[in-house]
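Fold and contact review
Read off the chains here:
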Amino acid sequence: MTSPWGVVALCLCLVAGSASAQSADEARRSPLARDTIVVGGGDSYEPFHFIADGEPTGFDVDLVRAIARVVGLDIEVRLAYWREIRDGLEDGSVDVHIGLTYSSDRAEFYRFCSPYLNQQYKIFVRRDHAGIDSEEDLRGRRIIVQQDGVMEEYVREQGYTDEPVTAMSAAESLRKLNEGEGDCCLMTEFRGLTVARDLGFDEVTRVGAPVYQTTYGFALPPGRENLAPYFNQGLAILKRSGEYDEIYEKWFGVLAAQGPTAGDIVRYTGWIVVPLLVVLLMAALWSWSMRRQVVRQTAQLRQARDQAEAASEAKSRFLAAMSHELRTPLNGVLGMSEVLGTSSLDLEQREQITTIRRSASALSDIINDILEFSHIEAGQRELDRVEFSLRGVVADVLDTVSPVAWDKGLTVTSGLTPSLPDRVQGDPAAVRQVILNLMNNGVKFTTEGTVSLSMSCTTLEDDRLRISGSVVDTGVGVPLEARDSLFDAFTQVDSSSTREYGGTGLGLAICNNLVALMDGSMGYSARPTGGSEFSFSLVLEAVESPVAEDAPEPAASGGGRTSEPILVVEDCPTNQRVVCMLLKKWGYRSEVVENGLEAVNAFKNGSFGAIIMDCQMPVMDGLEATEAIRELEGSSARVPIIALTAGACMSTRDRCLAVGMDDYLTKPVNAGKLEAVLQRWAVGSRRGELVR
């Protein structure tokens, strides 16, 4: 029989064991549960991660060490046979897989951080092997793939072969190809090029477009998902600072610079020549037809032109007025909902605020679409000609679209050919709008699967570049009877589309008109396996030589003052309150006047860190007020003046900048953009703080 003291001791042991288990579980959930976070991967995956001279090295290793440095993590990089690392992820001795290609099967076992590389699987063949130039030539071939890799399952799913030739590594795969044990090999482009170069397989080359595209990044096992914010934040910091680009160039610069094959050149040339011949033939037929009609229709055309110009001008004035009247109350809805969203709310109230903001944002998008289309239709949409980063625009679009796609369980992939330049000249807003509209449509009309963007470039005469691209999705597709009117304005596939997916039916019409302004075209084709492919082309100008990123413009000096308020010039009480509440939230002081004349008088009697100026006001509008303030300044320090107006026309923006305003924002006010502009221009406007 157990003594009472034995029972007490047993209870104490059980309590201690439970507390120890709970402590271990809490430590497991903590991002910094151990002093050192173990990041593991295979030891023979050059150039991504591999062992050289007994030490871990490669693109992934340099990147993860840089991330650990900027976010303050203590890490150990452990490279070994890949099965050993996978076992470590399961038993908890390894915290993070250093680099892993994304697939839906793997996503069931691992949490993937933000992707930091696009993976393109290409076809590798021997130069003396004829008959394999693209993915269509793979059926029935002896295809070499890496065992347990993404491609092993892919070739079976596509029906190319039931029994691929498997190899344990990339080196073994290319050796088998070089020795004739297979007709071709499928692997990631950079890995295949690196291994072929290191092994001296000069007869091994890649052909055709990518057969498969996905993303690549850090993978976290169950229980270590809370490390994701650290890795995502570190990656974002490296991309903003440019250090990511330096690491990428170090490992992939030479490989990415390799030119297209002869087959690629012939194929790309065909894509250009055939459409050009068709366009020339159509132009000749149109010219012949017009010459027959020009004599008898000249008078009617002149009359119709005059009537159309008068109607267009009247419509533009009406739309400009309506835009202002609609944006002003909408600014109040969006602004107040954003301010309210930062206050103390219960869960139900926060859901209600979220619904209000989403609905108001959707209404804002509709207004923007209608106004943009009216400008294009009236011939008032003019293209900018500035130097910008084309690859940066694409990255911005992917960053915008990806969160929405991930919420729906979709995969977003992209493939940019090495020939696609970074720096070009053209209208970045127009290019972004085309790509973003097509990607948004792909995500909107796809319930499962992928949305993929691919882009390439060919050089034309006079330093011009033809940018060709396509957006492919696995969505519902477009019925045959609706394809002829797909690019017409105010057109949906059917009435149920508007109810289910929303929108004005203007998105594709706007894209079609914008690419036409950029000497390009758009097209649609149905996918044999379901879904849609929207293709587009546009013409930009080449930049002669790479240039360094422009240094950010210095903020206005403000005379060294440290506590000037922001002057808000706005006649609408609701908008006054919205802007002032946002300024207060960010730590700025503010003063309010109701028209331009009061703004000029306030400027004469006080000093301000910046002025937020409406344009359409009674007594004196914002343009006149700005001119008067600039005259009063003379050669003294220049106060930043920021336009915040419901007029979203390019002509309104140009007039604002011409009279001396420094920046331009449209209503409804976007809190993030307003804060960024103030941080850019307003110096000394926060209490005791110099803002840059």
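Residues numbered from 1 in each chain as written. Predicted model: local features only at pLDDT ≥ 70, side-chain atom pairs only at ≥ 80, totals over all residues. Heavy atoms only, no water.

In this section: the packing of aromatic side chains. Scanning the entire structure with this criterion turns up 15 aromatic pairs. Ring geometry for Phe-59 and Tyr-248: centres 6.3 Å apart, planes at 90 degrees, overall edge-to-face. Remark: Tyr-248 occurs in helix α9 (residues 243-256) and Phe-59 occurs in helix α2 (residues 59-71); sequence separation between them is 189 residues. By relative accessible area, Tyr-248 is classed as partly exposed at 26%. These aromatic residues form a ring-pair network of at least three members: Phe-48, Phe-59, Tyr-116, Phe-190, Tyr-216, Phe-218, Phe-231, Tyr-244 and Tyr-248. The ring of Tyr-244 has Lys-239 sitting right over it, with the charged end atom 5.2 Å from the ring centre. (Phe/Tyr/Trp six-rings, centres within 6.5 Å; stacked < 30°, edge-to-face > 60°. Helix = DSSP H or I, 4+ residues; strand = E, 2+ residues; numbered from the N terminus. Buried < 20%, exposed > 50% of the residue type's maximum accessible area, 1.4 Å probe, protein only. Lys NZ or Arg CZ within 6 Å of the ring centre and 35° of its normal.)

Side-chain pairs of opposite charge can arise where the charged atoms are in close proximity. Under the definition given, this model contains 18 salt bridges. With a closest N to O distance of 2.4 Å, Arg-69 and Glu-243 form a salt bridge. Residue Arg-69 is found in helix α2, and its partner Glu-243 is found in helix α9; the two are separated by 174 residues along the sequence. Asp-183 is the salt-bridge partner of Arg-142, the closest N and O atoms lying 3.1 Å from each other. Separated by 41 residues along the polypeptide, Arg-142 in the loop between β8 (117-126) and β9 (143-146) and Asp-183 in the loop between α6 (170-178) and β11 (184-188) bring together distant segments of the chain. With relative accessibility at 40%, the residue Arg-142 sits in the partly exposed group. Through salt bridges with shared partners, a single ionic network connects Arg-630, Glu-633, Arg-638 and Asp-662. (Salt bridge = Lys/Arg side-chain N within 4 Å of Asp/Glu carboxyl O.)

Okay, the nonpolar core next. Across soluble globular proteins, nonpolar side chains have a tendency to be buried as a group. Formed by 43 residues in total, the largest nonpolar core has its most connected members in Ile-435, Met-439, Met-455 and Ile-467. If you list the elements that add at least two residues to this core, you get α12 (390-407), α13 (428-444), β16 (450-459), β17 (464-473), α15 (507-517), β18 (521-526) and β19 (532-542). The leading source of residues in this core is α13, at 8 residues. Setting aside its immediate chain neighbours within four residues, Ile-467 contacts Leu-390, Leu-420, Met-455, Ser-456, Cys-457, Phe-536, Ser-537, Leu-538 and Leu-540. Counting 34 residues, the second-largest nonpolar core is a separate cluster that includes Val-71, Leu-73, Tyr-116 and Leu-117. (Core = buried A, V, L, I, M, F, W, Y, C linked by side-chain atoms within 4.5 Å. Contact = heavy atoms within 4.5 Å.)

So, on to the side chain of Thr-215. Mapped onto the secondary structure, Thr-215 falls in strand β12 (residues 204-220). The class of Thr-215 is buried, set by a relative accessible area of 12%. If we skip the residues at most four places from it in the chain, Thr-215 touches Leu-100, Thr-101, Tyr-102, Pro-115, Leu-117, Asn-118, Gln-119 and Val-412.

Moving on, we get to unusual backbone geometry. The omega angle of the peptide bond from Glu-46 to Pro-47 is 5 degrees, so this bond is cis rather than trans. Here Pro-47 shows up in the loop between β2 (44-45) and β3 (49-52). Of note, Asp-462 is a non-glycine position whose phi angle comes to about 60 degrees, a positive value. Its location among the elements puts Asp-462 in the loop between β16 and β17.

Considering the arrangement of structural elements, one finds Gly-469 in strand β17. Placed 69 residues apart in sequence, Gly-469 and Leu-538 show a C-alpha to C-alpha distance of 9.0 Å. Discounting chain neighbours no more than four positions away, the residues touching Gly-469 are Ser-454, Met-455, Phe-534, Ser-535 and Phe-536.

With 8 of 10 residues buried, β17 is to be regarded as a mostly interior element. Relative to β17, β16 runs antiparallel, the two being bridged by 9 bridges. Opposite Leu-453, over in β17, you have Val-471 as the bridge partner. Joining the antiparallel neighbours β16 and β17 is a turn of 4 residues, in which Asp-462 adopts a positive phi near 60 degrees. In the sheet, β17 pairs with β19 via 10 bridges, with the strands oriented antiparallel. Bridging from a neighbouring strand, Asp-473 pairs with Ser-532 of β19. (Pairing = 2+ DSSP bridges.)

Let us look at the pairing of β16. Burial within β16 is extensive, with 7 of its 10 residues counted as buried. For strand β14 (residues 411-416) and β16, the ladder comprises 6 bridges, and the chain directions are parallel. Bridge pairing in β16 links Thr-413 to Ser-452.

Here we come to a nonpolar patch on the surface. Where nonpolar side chains cluster on the molecular surface, the patch consists of Val-273, Leu-277 and Leu-280 and spans about 290 Å² of accessible area. Looking at the element boundaries, Val-273 is found in helix α10 (residues 262-341). Among the residues examined, Val-273 registers a relative accessible area of 39% and is labelled partly exposed. (Patch = residues over 30% accessible without salt bridge, like charges linked within 9 Å, V, L, I, M, F, W, Y side chains within 5 Å. Areas by Shrake-Rupley, 256 points an atom, 1.4 Å probe, with all protein chains shown as cover.)

Bringing the side chain of Glu-189 into the picture now. Relative to the helices and strands, Glu-189 resides in helix α7 (residues 189-199). Within the structure, Glu-189 has its side chain in polar contact with the side chain of Arg-206 (distance 2.6 Å). With near-sequence residues (within four places) excluded, Glu-189 lies in contact with Gln-120, Lys-122, Phe-124 and Arg-206. (Polar contact = N/O pair within 3.5 Å; in protein donor to acceptor, adjacent residues only side chain to side chain.)

Another point: the sheet that holds strand β21 (residues 590-593). Ordered by their spatial adjacency, 5 strands build an open sheet running β21-β20-β22-β23-β24, and the pairing between neighbours is parallel. Two strands lie at the open edges of the sheet, namely β21 and β24 (663-666), each paired on one side alone. On average, each strand axis in the sheet is tilted by 20 degrees relative to the strand beside it, whichever way the strands run. One ladder, built from 4 bridges, connects strand β20 (residues 566-569) with β21; its direction is parallel. (Axes fitted to C-alpha atoms, helices over the stretch in contact; angles between N-to-C directions.)

Turning to the packing of helix α17 (residues 596-605) against helix α18 (residues 622-633), a few remarks are in order. Remark: α17 packs on α18, axes separated minimally by 9 Å, with the N-to-C direction vectors making an angle of 20 degrees. When the axes of α17 and α18 are compared, the pair comes out roughly parallel. The handedness of the crossing between α17 and α18 comes out as right-handed. Residues Gly-596, Val-600, Phe-603 and Lys-604 of α17 form the contact with α18, whose own contacting residues are Ala-625, Ala-628, Ile-629, Leu-632 and Glu-633. (Parallel < 35°, antiparallel > 145°, perpendicular 65-115°, else oblique. Left-handed = near helix turned anticlockwise from the far one by under 90°.)

Here we take up the environment of Phe-218. One can find Phe-218 in strand β12. By relative accessible area, which is 1% here, Phe-218 ends up buried. Each C-alpha atom, one on Phe-218 and one on Val-96, is 6.7 Å from the other, the two residues being 122 residues apart in sequence. Dropping the residues within four chain positions of it, Phe-218 is found in contact with Leu-63, Val-64, Ile-67, Val-96, His-97, Ile-98, Arg-111, Phe-112, Cys-113, Tyr-116 and Phe-231.

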